[in-house]
Amino acid sequence: MNTNMQPPEAKIIPHSLEIHGHPRVDNYYWLNDRENPEVIDYLNKENEYYNALTADTKDFQKELFEEMKARIKEDDQSVPYLYNGYYYITRFEIGQNYPIYSRKKESLSAKEEILFDGNEFAKGKPFFQLGGLSISPDNTMALFSFDCVGRRIYTIQIKNLLTNEILSDTIENVTGSAVWANDNHTIFYSSQDAVTLRSDKIFKHKLGAKQEEDVLIYFEKDETFNVEIAKSKSKKYLAIESGSTLTTEYQILDANTPDGKFKMFQKRVRGLEYSISHYNDSFYILTNKDKAENFKLMKTLETATTKENWVEVIPHREDVLLEDIEIFKDFLVVEERANGLNTIKIMPWSGEEAYYLPFDSETYTASTSSNVDFDTDILRYSYQSLATPSSVIDFNMKTKEKFIQKEQQVLGGKFDKNNYKEERVWATAQDGVKVPISLIYKKDLVKNGENPLLQYAYGSYGYSIDASFSSTRLSLLDRGFIFAITHIRGGEDLGRHWYENGKLLKKKNTFTDFIDCSNFLIAEKYTSAQHLYAEGGSAGGLLMGAIVNMAPELYHGIIAQVAFVDVVTTMLDETIPLTTGEYDEWGNPNQKKYYKYMLSYSPYDNVKAQKYPNMYISTGLHDSQVQYWEPAKWVAKLRATKTDNNILVLDTNMEAGHGGASGRFEALKELAKEFSFLLDLEKIKK
């Protein structure tokens, strides 16, 4: 990299902010204006600086891109699944960026019927994302939604599958989530607030009607809640779910009577979380009722749904997190998490003995897959590990026979899982808690403290990061990198308490866990501070921002994608998408105790005059989740404050949102940028 270039300097325009009698000055608040030409000019200058600085790595980026692309089976397709008389398939064609969705009637040898070709719809559009695809009960109509900007604002249209015509029905500025009633004529969908993008309304639409004629079915007044609509697997019920971080509420309606009135299932009680699945004459309820922190399973008759009628089916356990259930005609399938690993339990309704699927890896990921058919003995699940490509497996729950329907192909002829070692080790956090780390590296690697290591984590919203396979990651592993996932608090990896102890006024556990894992990896000679790199995106970008303020000396380089770093200012702005609905995750800074705590770790507010690692920071101009100005302001403040000459770049995708570039190959180009940043710092090219 050409490190002699001068980076752009953002103008300093002091902006005063004050709450709780505490004044703050934000010199870069002016960047919070997507329509200001000076803002766009600054972002473009940062992009020009990044491109000029890394000009000598462009050929290497291309090499990495081609290398990663060459491992991917371009003409790939999903394992077909049978639903309502049709086999449904998602497939890719060589050289194409987007999937093609198709179906075949009754037999896989039947003629293919194209439902939706993403490549056709994406033509001429810099960004394209399919939101959802739903087939009417009589198989004659396909409802689909799409976003052409990247702000997760969708348009719904309907295709007549008999004539292949797109109907005149166009429903704009919605979430993209929609379901059919059983009359094949009525659609229910959710829409969001135009400013905050909070999903707050459920509408009913009749085929042929204009959007302005749609009937508002429900409006969620509470700004901390979002709403969505779904249909039960049994096809009998429509359900409106209102949910916040801590609380859920459902309303249900017989899907055969779309013009009827939704009935309350169990009204919201703060702190009561539940989800519902219908079977025969009952509902099964996954819930934390009665202080069941790791959740339990209950059931109730569909005629008596309030919580006083709920009866326990699977009790709460201190050491097992109950994550999800899948209901079949003859079996109940339960997804659990014990000691940080997934388990799948099969429970026959007949009362025969329950059993677990056997998994023998030290660290892995297993989960149920597409199981849309209610009346079947076949459970479809997926399995993978850091070294084992993803497999789709059909398991006969009666005979216990296993059929591997598909194994992810890694092309190029060089990959052999036996060349890599997987490990699960435990670091001790500063408060004595044991934190698991999943590792993968080449078998011939020597632990001498000289190995480059990329440490990844997320650590928020109770979202667990499991040990999954990545063919693109091989480009690092085969060049001598170790890859580590640190299962820090804030996720739900070790149960609900793992999440509870990494949020609100315990959020700093997330950051110190990550740092303690870094120190462990250095102490155990996996790597050293000269060769340790860290990566995180979104709330994981907040993690990156916190650790470089707290322990910059531990890391040689940082990758922070769409980083949530301006925590206090963002959480005080109720017009920003996600803000009010996230008070139960981060705290409400309008309350002084949360304000002071958030201010003590907010990366942007805690930038100081010290040395920082080399940093590659990326964002998207149209990001609806973490606004582009957070990373932009962070970079500007870092440039003006830090005391080193290390690399600091801001790479803004001017045409994308929170998920980055659309299309499978465009996303690889973004990954090639990140990998070239790491490998260039290590002076590794081949």
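Criteria and thresholds
Residues numbered from 1 in each chain as written. Predicted model: local features only at pLDDT ≥ 70, side-chain atom pairs only at ≥ 80, totals over all residues. Heavy atoms only, no water. Helix = DSSP H or I, 4+ residues; strand = E, 2+ residues; numbered from the N terminus. Rg over C-alpha atoms; globule rule 2.2 N^0.38 Å. Buried < 20%, exposed > 50% of the residue type's maximum accessible area, 1.4 Å probe, protein only. Contact = heavy atoms within 4.5 Å. Areas by Shrake-Rupley, 256 points an atom, 1.4 Å probe, with all protein chains shown as cover. Expected span 1.5 Å × (residues − 1). Arc of directions from axis to C-beta. Polar contact = N/O pair within 3.5 Å; in protein donor to acceptor, adjacent residues only side chain to side chain. Pairing = 2+ DSSP bridges. Axes fitted to C-alpha atoms, helices over the stretch in contact; angles between N-to-C directions. Core = buried A, V, L, I, M, F, W, Y, C linked by side-chain atoms within 4.5 Å. Salt bridge = Lys/Arg side-chain N within 4 Å of Asp/Glu carboxyl O. Parallel < 35°, antiparallel > 145°, perpendicular 65-115°, else oblique. Left-handed = near helix turned anticlockwise from the far one by under 90°. Nonpolar A, V, L, I, M, F, W, Y, C, P; charged D, E, K, R; others polar. Phe/Tyr/Trp six-rings, centres within 6.5 Å; stacked < 30°, edge-to-face > 60°.

Novice: Mind showing me how you'd approach the overall build of the chain here?
Specialist: On a plain count of helices and strands, the chain comes out with twelve helices and 37 strands. Taking 2.2 N^0.38 as the reference for a compact globule, 686 residues should give roughly 26 Å; the C-alpha atoms of the chain span a radius of gyration of 25 Å, in line with that estimate. Reported as C-alpha extents along the three principal axes, the dimensions of the chain are approximately 70 × 55 × 50 Å. Here the chain, with 686 residues, has 58% of them falling under the buried criterion. In the chain, 56% of the contacts between residues at least 6 apart in sequence involve partners at least 24 apart. Total accessible area on the chain is roughly 28300 Å²; 48% of this is exposed by carbon and sulfur atoms.

Novice: Would you mind showing me how to read helix H1 (residues 37-53) here?
Specialist: Given 3.6 residues to a turn, an α-helix orients residues that are three or four positions apart in the same direction. In this model H1 runs 24 Å from its N-terminal to its C-terminal C-alpha over 17 residues, within 8% of the 24 Å that 1.5 Å per residue would give. Those residues of H1 not exposed but buried are Val39, Tyr42, Leu43, Glu46, Asn47, Tyr49, Tyr50 and Leu53. Buried residues along H1 cover an arc of 160° about the axis, so they all sit on one side. Within H1, the exposed residues directed more than 90 degrees away from the buried face are Pro37 and Glu48. Of the surrounding secondary structure, the elements contacted by the buried residues of H1 are helix H2 (58-70), strand E36 (614-620), helix H11 (629-641), strand E37 (648-653) and helix H12 (664-681). Where H1 begins, one side-chain oxygen reaches toward the backbone nitrogen of Glu38, 2.9 Å away; that side chain belongs to Asn36.

Novice: Explain the pairing of strand E7 (residues 129-135) to me, please; I cannot follow it from the model alone.
Specialist: When E7 meets strand E8 (residues 141-147), the two strands line up antiparallel, connected through six bridges. Bridge pairing links Leu130 to Phe146 in E8. Between E7 and the antiparallel strand that follows it, E8, lie five residues; Asn139 among them carries a positive phi value of about 70°.

Novice: How should I be thinking about the sheet that holds strand E31 (residues 434-442) in this particular structure?
Specialist: Each strand in a sheet pairs with another by means of backbone hydrogen bonds, the pair being arranged parallel or else antiparallel. One open sheet accounts for eight strands, arranged E30-E31-E33-E32-E34-E35-E36-E37; its pairing is mixed. Because the sheet does not close on itself, it has two edges, and the strands there are strand E30 (420-428) and E37. Within this sheet the neighbouring strands show an average axis-to-axis angle of 20°, counted without direction. For strand E34 (residues 532-537) and strand E35 (residues 557-561), the ladder comprises five bridges, and the chain directions are parallel. Counterpart to Glu535 in the pairing with E35 is Ile559. The strands touched by helix H7 (residues 539-550) are E34, E35 and E36; relative to E34, the strand with the most contacts, the crossing angle is about 140°.

Novice: Would you explain the pairing of strand E9 (residues 154-160) in this entry?
Specialist: The two faces of the sheet receive side chains in turn, since in a regular strand these alternate between them. Burial analysis of E9 places seven of its seven residues in the buried class, which makes it a mostly covered element. Going residue by residue along E9, you find Tyr154, Ile156, Ile158 and Asn160 tucked away on one face and Thr155, Gln157 and Lys159 tucked away on the opposite face as well. As paired strands, E8 and E9 are joined by six bridges and run antiparallel to one another. When the bridges of E9 are listed, Phe144 appears paired with Gln157. In this antiparallel pair of consecutive strands, E9 and strand E10 (residues 165-180), the connection spans four residues, and Asn164 shows a positive phi of 65°.

Novice: Hey, could you run me through the sheet that holds strand E4 (residues 86-91) in this one?
Specialist: Across the sheet, which stays open at both edges, the four strands sit in the order E3-E4-E5-E6 with antiparallel pairing between neighbours. The sheet is open, and its two borders are formed by strand E3 (81-83) and strand E6 (112-117), each paired with just one other strand. In this sheet, adjacent strand axes meet at a mean angle of 30° when their direction is disregarded. Relative to E4, E3 is paired through three bridges, and the arrangement is antiparallel. Counterpart to Tyr83 in the pairing with E4 is Tyr86.

Novice: Please clarify how unusual backbone geometry should be interpreted in this entry.
Specialist: Apart from glycine, the bulk of residues carry a negative phi angle, and the bulk of peptide bonds sit in the trans form. In this structure, Leu197 takes a positive phi of about 60° despite not being glycine. Locating Leu197 in the fold gives a position in the loop between strand E11 (186-192) and strand E12 (199-206). The phi dihedral of Asp290 is positive, around 60°, even though this residue is not glycine. Looking at where Asp290 falls in the secondary structure, it is placed in the loop between strand E19 (282-287) and strand E20 (296-301). The class of Asp290 is exposed, set by a relative accessible area of 53%.

Novice: For this particular structure, what's the right way to read the nonpolar core?
Specialist: Side chains that are nonpolar tend, in soluble globular proteins, to be buried together. Ranked by internal contacts, the top residues of the largest apolar core, which has 112 residues, are Leu439, Ile547 and Trp634. Counting residues per element, this core draws most heavily on H12, at eight residues. Apart from residues no more than four positions distant in its own chain, Ile547 is found in contact with Phe511, Phe514, Ile515, Ala534, Pro552, Tyr555 and Ile558. Core analysis: the second largest hydrophobic core is formed by 17 residues, Val333, Leu341, Phe359 and Tyr381 among them.

Novice: Would you take a moment to explain the pattern of salt bridges for this structure?
Specialist: For side chains bearing opposite charge, pairing can occur when the charged atoms are close. In the structure shown here, the tally under the stated rule is 42 salt bridges. One salt bridge connects Lys45 with Asp41, and the closest N-O pair in it is separated by 3.2 Å. Taken together, the positions of Lys45 and Asp41, both in helix H1 and four residues apart, correspond to about one turn of that helix. Lys45 gets classed as partly exposed once you look at its relative accessible area, which sits at 42%. For Asp41, a relative accessible area of 37% translates into the label partly exposed. Across the salt bridge formed by Asp394 and Arg380, the nearest N and O atoms sit 2.8 Å from each other.

Novice: What's the story with the packing of H2 against H12 in this structure? I'm lost.
Specialist: Angle between the axes and distance between the axes: these two values describe a pair of packed helices. Relative orientation of the contacting elements H2 and H12 amounts to 125°, with a least axis distance of 8 Å. Of the possible angle classes, the one that applies to H2 and H12 is oblique. Where H2 crosses over H12, the two elements pack in a sense that is right-handed. Where H2 abuts H12, its residues Phe60, Gln61, Leu64, Phe65, Met68 and Lys69 lie against Phe665, Leu668, Lys669, Leu671, Ala672, Lys673, Phe675, Ser676 and Leu679. Along the lines of polarity and charge, the residues of the contact of H2 with H12 split into ten nonpolar, two polar and three charged.

Novice: Just checking my understanding: could you explain the packing of aromatic side chains for this structure?
Specialist: Centre distance and the angle of the planes are the two values used to describe a pair of aromatic rings. Across all of its chains, the model carries 39 aromatic pairs by this definition. Here Phe564 and Trp586 contribute two aromatic rings whose centre-to-centre distance is 5.2 Å and whose plane-to-plane angle is 65°, an arrangement assigned as edge-to-face. You can see Phe564 sitting in the loop between E35 and helix H8 (567-572) and its partner Trp586 sitting in helix H9 (residues 583-586), a full 22 residues away along the chain. Judged on exposure class, the residue Phe564 and its partner Trp586 are both buried. Within the aromatic cluster, the residues linked to one another by ring pairs are Tyr237, Tyr250, Phe265, Tyr274, Phe283 and Trp310.

Novice: Looking at this model, I keep getting lost on the environment of Tyr42. Mind explaining?
Specialist: Following the sequence through the fold, Tyr42 ends up in helix H1. Take Tyr42: its relative accessible area is 4%, and that puts it in the buried class. On a C-alpha basis, the gap between Tyr42 and Thr365 in space is 42 Å, while along the polypeptide they are 323 residues apart. For Tyr42, the residues in contact, after removing those within four places along its chain, are Pro8, Glu9, Ala10, Trp30, Leu31, Ala632, Val635 and Ala636.

By themselves, these figures tell us nothing about what the structure is for.
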